Amino acid sequence: MAKFCIYCGKPLEEGEVCSCQQAAAKDTAAESASENSTTQAAGTEGTSNNTTGTASNNAGSNAFVEKLKLVFTKFADYFKSPTGTAKEFAAKNDSTYGILMICTNLIVLFLLLLLLINKVSDALDSTLGGRFRMLLGDSSFSIALMFTVIFAAYYFAMAGMLVLTTTAMFKGSMKFSQAVSIVGVNAFINAVIIIVAVILMFVSPTLGLIVLYVGLLYSTLMEYVSYIEMADISSDKKAYALLISLIGVMLAVFLASKIMGSMIATSISNNFKNNLENSSNLFN
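The paragraphs below set out a description of the structure included in this document. (Residues numbered from 1 in each chain as written. Predicted model: local features only at pLDDT ≥ 70, side-chain atom pairs only at ≥ 80, totals over all residues. Heavy atoms only, no water.)

All right, on to the overall build of the protein chain then. On a plain count of helices and strands, the protein chain comes out with 9 helices and 2 strands. Ordered by position from the N terminus, the helices and strands of the protein chain form the series β-β-α-α-α-α-α-α-α-α-α. Residues classed as buried in the protein chain amount to 32% of the 284 residues present. Excluding contacts between residues fewer than 6 apart, the proportion of contacts in the protein chain whose partners are at least 24 apart in sequence is 69%. In the structure as shown, the protein chain presents an accessible area of about 16,900 Å², 65% of it carried by carbon and sulfur atoms. (Helix = DSSP H or I, 4+ residues; strand = E, 2+ residues; numbered from the N terminus. Buried < 20%, exposed > 50% of the residue type's maximum accessible area, 1.4 Å probe, protein only. Contact = heavy atoms within 4.5 Å. Areas by Shrake-Rupley, 256 points an atom, 1.4 Å probe, with all protein chains shown as cover.)

Right, let's talk about the pattern of salt bridges for a bit. Enumeration according to the criterion identifies 5 salt bridges in this entry. For K74, the salt bridge goes to E88, with nearest N and O atoms at 2.7 Å. Taken together, the positions of K74 in the loop between α1 (20-73) and α2 (77-80) and E88 in helix α3 (residues 82-91) put the pair 14 residues apart, joining distant regions of the chain. Classification of K74 by relative accessible area gives buried; the value is 15%. (Salt bridge = Lys/Arg side-chain N within 4 Å of Asp/Glu carboxyl O.)

This part takes up the packing of helix α6 (residues 140-169) against helix α7 (residues 176-203). Where α6 meets α7, the closest approach of the two axes is 8 Å, and the angle between their N-to-C directions is 145°. Read as a crossing pair, α6 and α7 show a hand that is right-handed. Residue-level inspection shows Y154, Y155, M158, A159, G160, L162 and V163 of α6 in contact with α7, the latter providing F176, A179, V180, V183, N186, A187 and N190. Residues that form the contact of α6 with α7 fall into these classes: 11 nonpolar, 3 polar and no charged. (Axes fitted to C-alpha atoms, helices over the stretch in contact; angles between N-to-C directions. Left-handed = near helix turned anticlockwise from the far one by under 90°. Nonpolar A, V, L, I, M, F, W, Y, C, P; charged D, E, K, R; others polar.)

The next subject is the environment of A153. Relative to the helices and strands, A153 resides in helix α6. Sequence separation between A153 and L251 is 98 residues; the distance between their C-alpha atoms is 9.8 Å. Not counting residues up to four positions away in its chain, the partners in contact with A153 are A252 and A256.

What follows is about a nonpolar patch on the surface. Side chains of I210, Y213, V214, L217 and L221 sit close together on the surface and give an oily, nonpolar patch of about 510 Å² of accessible area. Mapping L217 onto the fold places it in helix α8 (residues 205-230). (Patch = residues over 30% accessible without salt bridge, like charges linked within 9 Å, V, L, I, M, F, W, Y side chains within 5 Å.)

The following block contains the structure:
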């Protein structure tokens, strides 16, 4: 009697064994090997992507650190050749340098204002027998922040206005990276001047104020000279561009002062009321 494979139905001779199961086992093994290979490839690709992402982040971090180092290694050049230094940073076509210089100024300004306001507050507190801080509270942080924001408005508004007046109004060419480099050098010089002036104020307030006034005047003049040398418009247009830029900056500073002043005034007023109520309850 003829036999048939119970799996595939193939006719079999007497004693013959069907090979269909062996073929199926080989196909299953091949599919399993293929799946394992695909999984390993995907894992390798994922690891490669993670490594690439980490390397990219590290490269970005290292580039930022190198830019920050360059800003501080040019310390002497800011005073020996401020215009040349501004041109050098502008040639890099990267606004990061100018922004780092401005941020350096703002950090220094905030910390020194915080120190000076606390010193003045302590002196007034001693004179008034401890009533100054009791009534007004600790508003030194808010006041220091207010002036820092005002200076930030000045620096960034100046950079923006130089670009606007040069390109939009007088059809010249000036990138934001160039303008912020000009303003950034001015800001870095101002930071050093402020530090020196504050130190001298502890020795002689008059001498410190003179250094501050002369130093800020010098840095401002260098800022204007740098713009005049770098702008590609006529001399008359440069004068008008600077004038219009200054007007725009004054408006920006005025708005920043009004906004921050109202916020700080509200905060100080609330502190005053709360402390006054607490003092009245204490005496009652």
